[in-house]
Amino acid sequence: MLTFIGLGLYDERSITVEGSEALRQADQAYAEFYTSELLGTTVEELEDAHDVSIEVRDRAGVEQEPEDMLAAAESEDVAFLTAGDTMISTTHVDLRLRAHDRGIGTRVIHGVTAQTAASSLTGLQNYRFGKATTLPFPYAHGADGLPASVTETIDANRADGLHTVVYLDIKAERGEYMTADTGAELLADVYPELVGVVVARAGSPDPLVAAGRMRELAERSFGDPLHLLVVPGECHLLEADALVELAGAEEDALDVA
């Protein structure tokens, strides 16, 4: 059996009870933290909390060289761990399909995701979100200005009255985490007056939610990562009230239905 376990958003306690039980029962445990990390804990603390030894794999070790993990899962119970939910932003469908091709049973134990946390913390209704996008570091995409993938997603969602989650680039192997002020500065080149909502440290004891125009957010500091940005579309009255009360938004800056 190969069990994919989402660890949640912040520390060793963010995993579900079901996930913790499955992890403790596993014969071997592997993890990847190149797509996201739990910044409130360490691998050693995870191991101590769940009484397990965890082998951390890099991208090549998961995507190009998974043979030893799959071979182990043919005869043992193997756990594969990621931050968040293993089949959402940190998708590993390819690994699951490889296991199926070899006749290895699989299951998924879900964890809290950044997108659902963003909806909960901002008060924006989950079904009113459109397609998400990722804002890369400028050096990572090599083009001038914002990538078309970002602007086209925001524009299309706003045309449909939908909100957009903008994930901020993570280069975990380099210890680089784009902050919301940097993301807002990049977005402000195209959308200076557009309202953005910062969600920082979701899942931690001190999450932060703050709204403002992109040019304003670019001048602020939001503390430790991880951060993301939400670009609201057309807001229901209740959503607008939530952004004003929970995030400090200016009501006249919002597009209210």
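What you are looking at is a predicted structure, and each value in this text was computed from that prediction instead of being measured.

Novice: So, the overall build of the chain: which residues are in play, and what are the values?
Specialist: Broken down by element type, the chain carries eleven helices and twelve strands. Taking 18 Å as the expected radius of gyration for a compact globule of 257 residues, we find that the chain reaches 19 Å, a close match to that expectation. Evaluated residue by residue, the chain yields a buried proportion of 51% over its 257 residues. Contacts in the chain between residues at least 24 apart in sequence constitute 72% of all its contacts with a sequence separation of at least 6. When the accessible surface of the chain is split by element, carbon and sulfur atoms take 47% of a total near 12000 Å². Across the chain, 17 positive and 47 negative side-chain charges occur, with their mean positions spaced 2 Å apart.

Novice: How would you sum up the environment of Tyr139? Please name residues and give values.
Specialist: Position of Tyr139 relative to the elements: it lies in helix H7 (residues 138–141). Apart from residues lying up to four places away in sequence, Tyr139 is in contact with Lys171, Arg174 and Glu176. A polar atom in the side chain of Tyr139 sits 2.5 Å from the side chain of Glu176.

Novice: Please set out the sheet that holds strand S4 (residues 78–82) residue by residue, giving values where relevant.
Specialist: As a general point, the strands of a sheet are linked pairwise by backbone hydrogen bonds and lie either parallel or antiparallel. Across the sheet, which stays open at both edges, the five strands sit in the order S3-S2-S4-S1-S5 with parallel pairing between neighbours. Single-partner strands in this sheet number two, and they are strand S3 (54–56) and strand S5 (106–109). In this sheet, neighbouring strand axes are inclined to one another by 25° on average, regardless of whether the strands run parallel or antiparallel. In this sheet, S4 lies alongside strand S1 (residues 2–6) in parallel orientation, the contact comprising five bridges. Note on S4: the bridge partner recorded for Ile5 is Leu81.

Novice: Summarise unusual backbone geometry; cite the residues concerned and give the values.
Specialist: The omega torsion across Pro225 and Leu226 is 5°, close enough to zero to call that bond cis. In this fold, Leu226 is placed in the loop between helix H10 (214–217) and strand S12 (227–231). Even without glycine at this site, Asp51 takes up a positive phi of about 55°. Among the structural elements, Asp51 can be located in the loop between helix H2 (43–50) and S3. With a relative accessible area of 63%, Asp51 lands in the exposed category. Unlike most non-glycine residues, Arg201 shows phi in positive territory, near 60°. Mapped onto the elements, Arg201 comes out in the loop between strand S10 (195–200) and strand S11 (208–213). Classification of Arg201 as buried rests on a relative accessible area of 11%.

So, how was this worked out
Residues numbered from 1 in each chain as written. Predicted model: local features only at pLDDT ≥ 70, side-chain atom pairs only at ≥ 80, totals over all residues. Heavy atoms only, no water. Helix = DSSP H or I, 4+ residues; strand = E, 2+ residues; numbered from the N terminus. Rg over C-alpha atoms; globule rule 2.2 N^0.38 Å. Buried < 20%, exposed > 50% of the residue type's maximum accessible area, 1.4 Å probe, protein only. Contact = heavy atoms within 4.5 Å. Areas by Shrake-Rupley, 256 points an atom, 1.4 Å probe, with all protein chains shown as cover. Lys, Arg positive; Asp, Glu negative; His and termini not counted. Charge placed at Lys NZ, Arg CZ, Asp CG, Glu CD. Polar contact = N/O pair within 3.5 Å; in protein donor to acceptor, adjacent residues only side chain to side chain. Pairing = 2+ DSSP bridges. Axes fitted to C-alpha atoms, helices over the stretch in contact; angles between N-to-C directions.

Function-wise, these values are silent; they only describe arrangement.
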